[in-house]
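Reading the structure
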Amino acid sequence: MVARRIAGLRDELASKWAAWLADRQAGSPALDPDTTGRMLRLITDLLVVMAGPMRREAETTWTTAAQLYGTMAALRGLAAGEVVEELQHLRELLIREMADFFVALPARQSLPTVLRINRVLDLAVANAVVGYTDALVFQMFAKEGVPVPMSENVQSAITQLDAIEAEYRLLAERLPN
């Protein structure tokens with residue numbers, strides 16, 4: 001029920017989130033806006049899975065995607081707090097867009113549902129910070145202290161994004177209608 005509602009809002013959430021990021025100039029010359037947009041759509045797609053009956057099967061993919069989000073944030077030149085702020089904005093959008101849905105749930109279901117969605121987003125925030133930190137440490141110590149060219153890091157992130165999107169497609173094929 002929750003997953004279906006999020007699925008119905010998925011495109012709207014991704015576009016509002018992308019517009020908010022664009023207003024903040026969240027792109028960089030190293031990472032084009034299309035790649036960032038793909039990442040946002042992947043996060044919202046996986047959020048649907050994480051809100052549904054296959055959340056246990058999707059948890060590893062969700063964690064990996066969130067870590068990649070943090071890595072891409074480092075490539076975009078963001079500070080660690082900005083990574084958290086971006087994912088918190090997704091939480092805000094989700095709560096705002098689903099407020100009527102949460103209120104309409106029976107009292108016994110509304111609080112547990114909101115808490116479950118918040119736990120999923122908390123996991124994303126924590127893993128995005130891990131990915132961000134790992135990317136910075138890798139940049140500092142890669143090649144024995146010599147910085148790795150940015151293009152290699154970007155290509156690696158895009159390759160990881162391709163792989164996680166493929167994992168999502170496999171999960172999506174198994175989703176109940």
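Numbers given for residues are sequential positions, taken from 1 along each chain in its written order. Predicted model: local features are reported for residues with pLDDT of at least 70 only, side-chain atom pairs are reported and counted for 80 or more only, and whole-chain, interface and lining totals are derived from all residues. Excluded from the side-chain calculations are hydrogens and water; all other atoms, namely the structure's heavy atoms, are used.

As for the packing of aromatic side chains
Only Phe, Tyr and Trp rings take part, Trp by its six-membered ring, and two of them pair if their centres are within 6.5 Å. Stacked means planes under 30 degrees apart, edge-to-face means over 60, and tilted covers everything else. Under the counting rule described, the total for this entry stands at two aromatic pairs. Summarising the aromatic geometry, the rings of Trp17 and Tyr69 are spaced 5.7 Å apart at their centres and angled 20 degrees between planes, so their arrangement reads as stacked. Of this pair, Trp17 sits in helix H1 (residues 2-23) while Tyr69 sits in helix H3 (residues 55-75), and the two are 52 residues apart along the sequence. Pairing Phe101 with Phe102 gives two aromatic rings, centres 6.0 Å apart and planes at 65 degrees, and the pair type is edge-to-face. Type-normalised accessible area, obtained with a 1.4 Å probe on protein chains alone, sets the label of each residue: buried when under 20%, exposed when over 50%, and partly exposed for intermediate values. The buried category is assigned to Phe101, whose relative accessible area is 13%. Counting from the N terminus, the helices are DSSP H or I runs at least four residues long and the strands are E runs at least two residues long.

Focus on the nonpolar core
For this analysis, a nonpolar core means a set of buried residues of the types Ala, Val, Leu, Ile, Met, Phe, Trp, Tyr and Cys, connected via side-chain atoms within 4.5 Å. Counting 55 residues, the largest nonpolar core has Ile6, Trp17, Met39 and Tyr69 as the members making the most contacts within it. Residue assignment for this core shows that the elements contributing at least two residues are H1, helix H2 (33-50), H3, helix H4 (80-104), helix H5 (107-141) and helix H6 (150-173). Examining the composition of this core, we find that ten residues originate from one element, H3, more than from any other. Ignoring anything within four residues of it in the chain, the contact list for Met39 reads Ala65, Leu68, Tyr69, Met72 and Leu161. By the convention used here, residues are in contact when the closest approach between their heavy atoms is within 4.5 Å.

Observations regarding a nonpolar patch on the surface
The patch calculation keeps residues exceeding 30% relative accessible area without a salt bridge and links them within 9 Å when they carry like charges or within 5 Å when they are nonpolar (Val, Leu, Ile, Met, Phe, Trp, Tyr). Only the protein chains shown count as cover for residues, with accessible areas throughout obtained via the Shrake-Rupley method and a probe of 1.4 Å. Salt bridges, as used here, are contacts in which a Lys or Arg side-chain nitrogen is within 4 Å of a carboxyl oxygen on Asp or Glu. On the surface, a nonpolar cluster with roughly 330 Å² of combined accessible area is contributed by Val137, Met140 and Phe141. Residue position: Met140 is located in helix H5.

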